[in-house]
Amino acid sequence: MLRYAYFPGCVAQGACRELHQSTLAISEVLGIELVELKKASCCGSGTYKEDSQLLEDTVNARNIALAEEEGLTVLTHCSTCQGVIGSVDERLKEAKRNNPEYLAKINQLLAKENCPQYQGITRVTHLLWALIGDYGLSALKEKVVKPLVGLKCAAFYGCYLLRAQKHIPFDNPWNPQSLEQIFTTVGATPVYYEGRIKCCGWPISSYASQQSFQMAGKHLLEAQANGADCIVTPCPLCHLNLDSRQPEIAQVVGRKINLPILHLPQLVGLALGIAPRRLGLYNHVVSTRGVLRKLGLS
């Protein structure tokens, strides 16, 4: 059985609770054990380093060290959390080899708060990569009881998943294929479009909402024009902008959109035969009922 130190992140237990809900649901069906890191703190979502790189590194060294205490790999389902924690892990492993004084400084700060020491002996992975690299696509296909035949899915990766780390498994950051591999494994049809690897606009939505919504609207309309029935994302922040802000986006671009945005584990869960309500598919701002009707589930 696969076993992970589960880092759900803030958004999945707040504004996107259906992401946490659906991750637990598919893990149960797939036989994956998630040991939640309940003492972990927010990764900072890239904001800590604006004040201090040492702050970001120390906070996330602690998060990783909590998983190391359990002897487990860190698993998250948030592109942003993966990008932040994964890049810290890369940086500290490099410091362990080439700049031990910096790592010692971080561990001294952790020791002052009676926190576990960062050792650099585990790894940080995203649910998407775990499904491909640890669980395996062939094993996942064997678990599919409801192939998503006829459903056209457009990927939206999120910037942090693709380009926050120096090295990412399975993907070219400028031409990724991992989400599309999941789509075909569960019987869906991938839809390709230029915006799938670009920014959703969330980082600027609080102070430049017009520009943010124009950016998101361009991606939504492009995916829709290419025939997508839905967009699937491994990032809850992208989901927030593309789903919860879609009515505002439609006003800004002056076009009706109504394109459902699914979390990755929701799509996988449908193929595993998990009920839509258990996956939180009725919790979205943009209704997912069109997707469910196409699959004969509504």
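Residues numbered from 1 in each chain as written. Predicted model: local features only at pLDDT ≥ 70, side-chain atom pairs only at ≥ 80, totals over all residues. Heavy atoms only, no water.

Locating Leu 267 in the fold gives a position in helix H13 (residues 264-271). Each C-alpha atom, one on Leu 267 and one on Gln 53, is 36 Å from the other, the two residues being 214 residues apart in sequence. Not counting residues within four places of it along the chain, the set of residues in contact with Leu 267 comprises Leu 148, Leu 151, Cys 153, Phe 183, Val 186, Val 232 and Leu 262. (Helix = DSSP H or I, 4+ residues; strand = E, 2+ residues; numbered from the N terminus. Contact = heavy atoms within 4.5 Å.)

Pairing is parallel in the open sheet, where four strands are placed in the order E6-E5-E7-E8. The open sheet has two edge strands, strand E6 (189-191) and strand E8 (261-263), and neither has a second partner. For this sheet the average axis-to-axis angle between neighbouring strands, irrespective of direction, equals 40°. Pairing of strand E5 (residues 152-155) with E6, which is carried by three bridges, proceeds in the parallel orientation. Opposite Cys 153, over in E6, you have Pro 190 as the bridge partner. Running over the sheet, helix H9 (residues 178-185) touches E5, E6 and strand E7 (230-233) and is turned about 165° from E5. (Pairing = 2+ DSSP bridges. Axes fitted to C-alpha atoms, helices over the stretch in contact; angles between N-to-C directions.)

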